[in-house]
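# Coordinate analysis (summary)
If you want the building blocks of each chain, they are given just below.
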Amino acid sequence: AENQYNRVFAGSRQPGSSFKPIVYLTALQQPGFTPVTRFKSEPTTFTYDNGRKEYTPGNFGGKYANDYIDLRQAIAESDNIYAVSTIMQIGTDKVIETARNLGIKSELKPLPSLALGTFPVSPFEMAYAYGVISNLGIRSEPIAILKIVDAKGNVIYEARPKQTQVVNPAYTYVLTNL
């Protein structure tokens, strides 16, 4: 009543670590990347743009394993170094492509910080993307009205949401398990 601003559709914010599953889903689809792929969790400076730029992320609280960790441990600890190492290995363009397939339409720039959810997206877009992951890779177009029934119980209208398989269910299963 006090504010009509729709935070679900009009608002956007940095998703932060909630974007990491999109990075990891992309990685799992790449040859050679598996749940046991390991990166060293330690303070790291990454170079990009053909060596012209550097990016030095940190883990929350400055906590590092100072050892090699696998994907399961990286997810459990929300390890930023692992996430950026992953996106540097697989490529930001592939992560952006996966995000688009999952329903994210906001502007995403091909930078290493994308792995840490630095580009604003709406809560709706994130829910849409997570819905695909939890639905074994099937993207279902969101609908507001499922069914309209008259007073006698006759169906006047029933929505038939468009569903598209956008990710192989094996990859979403593995990610969800991790």
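So, here is what we can say about the structure in this document. (Residues numbered from 1 in each chain as written. Predicted model: local features only at pLDDT ≥ 70, side-chain atom pairs only at ≥ 80, totals over all residues. Heavy atoms only, no water.)

## Some details on the overall build of the protein chain
Worth spelling out the cut-off: Numbering goes from the N terminus for both helices and strands, where a helix is a DSSP run of H or I of at least four residues and a strand is a run of E of at least two. Burial classes follow relative accessibility: with a 1.4 Å probe on protein chains only, a residue under 20% of its type's maximum area counts as buried, one over 50% as exposed, and anything between as partly exposed. Whether two residues are in contact is decided by their heavy atoms, any of which lying within 4.5 Å being enough. Per-residue accessibility takes into account occlusion by the displayed protein chains alone, with areas from the Shrake-Rupley method and a 1.4 Å probe. Under the counting rule used here, the positive set is Lys and Arg, the negative set is Asp and Glu, and His together with the chain ends is not counted. Taken as the charge centre is NZ of Lys, CZ of Arg, CG of Asp or CD of Glu, depending on the residue.
A tally of regular secondary structure across the protein chain gives 6 helices and 8 strands. What you see in the protein chain, going N to C, is helices and strands ordered as α-β-β-β-β-α-α-α-α-β-β-β-β-α. Along the first, second and third principal axes, the C-alpha atoms of the protein chain reach 65 × 40 × 30 Å. Relative to its full complement of 178 residues, the protein chain shows a buried share of 40%. Here the analysis covers contacts within the protein chain between residues at least 6 apart in sequence; of these, 66% occur between residues at least 24 apart. Summed over all atoms, the accessible surface of the protein chain reaches about 10,400 Å², with 51% contributed by carbon and sulfur. Taken as two groups, the 18 positive and 15 negative side-chain charges of the protein chain have centres that lie 4 Å from each other.

## Let's talk about the side chain of K20
With respect to the helices, strands and loops of the structure, K20 is situated in helix α1 (residues 20-28). Every residue in contact with K20, bar those within four places of it in the chain, is listed here: S78, D79, N80, A83, A115 and L116.

## A word on the layout of surface pockets
The following threshold applies: Cavities and pockets are found on a 1 Å grid laid over the protein atoms alone: a cavity is a set of points where a 1.4 Å probe fits but cannot escape, a pocket is an open set with protein on both sides within 12 Å along at least five of seven lines, and a lining residue has an atom within 4 Å of such a point. Grid points are joined across faces, edges and corners, and a volume is the space filled by probe spheres set on the points. For this scheme, ten residues count as nonpolar: Ala, Val, Leu, Ile, Met, Phe, Trp, Tyr, Cys and Pro. Four count as charged, namely Asp, Glu, Lys and Arg, and the remainder, Gly too, count as polar.
Its volume calculated, the largest pocket comes out at about 150 Å³. Together, S17, K20, N59, F60, K63, Y64, A65, E77, S78, D79 and N80 line the largest pocket. For the lining of the largest pocket, the residue count by class is 3 nonpolar, 4 polar and 4 charged.

## Here we look at the packing of aromatic side chains
What counts is decided by this rule: Any two of the Phe, Tyr and Trp rings considered here, Trp counted by its six-membered ring, make a pair once their centres fall within 6.5 Å; the pair's planes then place it as stacked at under 30 degrees, edge-to-face at over 60, or tilted in between.
Per the counting criterion, the structure on display carries 3 aromatic pairs. Ring centres 5.0 Å apart and planes at 75° place the aromatic pair F39 and Y82 in the edge-to-face group. Residue F39 is located in strand β1 (residues 39-40), and its partner Y82 is located in helix α3 (residues 80-90); the two are separated by 43 residues in the primary sequence. In this structure, F39 and Y82 share a single accessibility class: buried. Taken together, a centroid distance of 6.0 Å and an interplanar angle of 40° make the contact between F124 and Y128 tilted. With F124 and Y128 both in helix α5 (residues 123-134), this residue pair falls 4 residues apart, about one helical turn. Residue F124 is classed as partly exposed on the basis of its relative accessible area, which comes to 26%. Members of the aromatic cluster, each reached through a chain of ring pairs, are Y24, F39 and Y82.

## Brief notes about the environment of L102
On the secondary structure map, L102 appears in the loop between α4 (92-101) and α5. Given a relative accessible area of 0%, L102 falls into the buried group. Separated by 36 residues in sequence, L102 and I138 place their C-alpha atoms 8.9 Å apart. Ignoring anything within four residues of it in the chain, the contact list for L102 reads I22, L25, Y128, A129, V132, I133, R139 and V167.

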